[in-house]
Amino acid sequence: MSRAAELVAALEDRDSLAIVCHDNPDPDCLASALALEAIAREAGVDEVAIAYGGEISHQQNRAFVALLEVSLRALAEIDVDDYDAVAFVDHSRPGANTELPATVRPEVVVDHHPGDPVEGEFVDLRVDYGATATIFVDYLEDLGLEPTSRLASALLFALHRERLDFVRNPSAREYEAALDVFPNADLEVLNQLYGSAFSAATLDAIGRAIATRQRRESSMVATVGRTPETDALPQAADYLLNLEGVDTVLVYGVVDDGIRLSARSIDPAIHIGEALADGFDDLGSAGGHHDMAGGRIELSTVAPDVAPDARDLLTVVGSRLPERFFAALEPEDEE
Ligand SMILES: [Mn+2]
């Protein structure tokens, strides 16, 4: 039986399914959720909810949800125990990168991120794939399910944003998957998504990152200061990576009462996920891929002596984080 048929078999006897996106879901996660919803409907599941934690602050992702009429529920609004099954898409570890407590164990997991194996009735982790959307395109193909224009557009946008734009370590599979969904996709929708505008807060955050950048050889650290827009951090990091001679960037900032980190590296000698974990895991949680990573640090661990609303908070944080980052990038001493 193909993996797609096994997925259908795992869903067939269920009346309801809660598809749980990772916190602050990106297009890969949202498009994968839509694809799983379509497969679940095909398997006869009556009630499907797509839920997420955190927020959707990236202007393109907000436009994605609006234009494609993705009906999303906040995790805080639903009780996943009310559903026959829980599915994690584009994340896999209970209690990590989701508002749900670690006691919620998914029945279905589809993901491409490396990590510890997880248990579940149906688990498909393909770390050699560049996107979770790619795995779902495989399933649709295997099941002979032709995606609607909405689903094809969502998947094509996800493949672009996750891998194909900026040629971010795509595998041949992402190009093949894009070609599979291209005939059904509405390119006008993609065009509108790419044309969606920055919020003023995002532009301000990127402006602060430009102004505060510190460079050491080909690495750079900058802060967006305080921002309400979590997604301004990766956007600032992407932007700074354009600077000539720079191949590794860390952007940090204060969002609500925590410090967020977003890092990028196009230096093949650097695994930015591991570097971030080495440098910051003792202060909170940090990690990710070879080329993209993120993290979250509680203010109380990095600046226990400063009140969260203090004016000099960013100065204190700024005196501690950049050194740690530059140190984490140093090659380990050989014995
Ligand atoms: Mn992904």
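If you look the protein chain up in an unreviewed UniProt entry, it shows as Phosphoesterase RecJ domain-containing protein from Natronococcus jeotgali DSM 18795.

Quick word on the coordination of the manganese ion
Coordination of the manganese ion by the protein is provided by Asp28 (OD), Asp90 (OD), His112 (NE2) and Glu162 (OE), with metal-donor distances spanning 2.1 to 2.4 Å. Every donor residue of the manganese ion comes from the same chain, spaced as D-x61-D-x21-H-x49-E. Linking Asp28 in helix H2 (residues 27-42) with Asp90 in the loop between strand S4 (85-89) and strand S5 (108-111), this pair joins segments that are 62 residues apart in sequence. Taken individually, Asp28 and Asp90 each receive the classification buried, so the pair is uniform in this respect.

A word on the UniProt feature "domain: DDH" (unreviewed entry) in the protein chain
Under the UniProt annotation, the feature "domain: DDH" (unreviewed entry) is placed at residues 18-156. The distance from the first to the last C-alpha atom of residues 18-156 is 24 Å, and the span holds 32% helix and 19% strand.

A look at a negative patch on the surface
Taken together, Asp15, Asp46, Glu47, Asp79, Asp81, Asp82 and Asp84 make up a surface patch of like negative charges. Among the structural elements, Asp46 can be located in the loop between H2 and strand S2 (47-52).

Criteria and thresholds
- All chains use their own residue numbering, which begins from 1 and follows the written sequence.
- Local features in this predicted model are restricted to residues of pLDDT 70 or higher, and side-chain atom pairs are both shown and tallied only at a pLDDT of 80 or more, whereas totals for entire chains, interfaces and linings draw on every residue.
- Excluded from the side-chain calculation are hydrogens and water; included are all heavy atoms of the structure.
- Distances up to 2.8 Å from the metal define which N, O and S atoms are donors, and 3.2 Å serves for Na, K and Ca; water is absent from the atom set, so sites may look incomplete.
- Helix numbering and strand numbering both begin at the N terminus, where a helix is a DSSP run of H or I of at least 4 residues and a strand a DSSP run of E of at least 2.
- Each residue is assigned to one of three classes by its accessible area relative to the maximum for its type, calculated with a 1.4 Å probe on protein chains only: buried under 20%, partly exposed between the two thresholds, exposed over 50%.
- UniProt positions are given in the numbering used here, feature names are shortened, and annotations may be inferred rather than shown by experiment.
- Patch membership needs two things, relative accessible area over 30% and no salt bridge, and members are linked within 9 Å if like-charged or within 5 Å if nonpolar (Val, Leu, Ile, Met, Phe, Trp, Tyr).
- Areas reported here follow the Shrake-Rupley algorithm with a probe of radius 1.4 Å; residue values treat only the protein chains shown as occluding.
- Throughout this description, the term salt bridge denotes a Lys or Arg side-chain nitrogen within 4 Å of a carboxyl oxygen of Asp or Glu.
- Positive residues here are Lys and Arg, negative ones are Asp and Glu, while His and the chain termini are left out of the count.
- Taken as the charge centre is NZ of Lys, CZ of Arg, CG of Asp or CD of Glu, depending on the residue.

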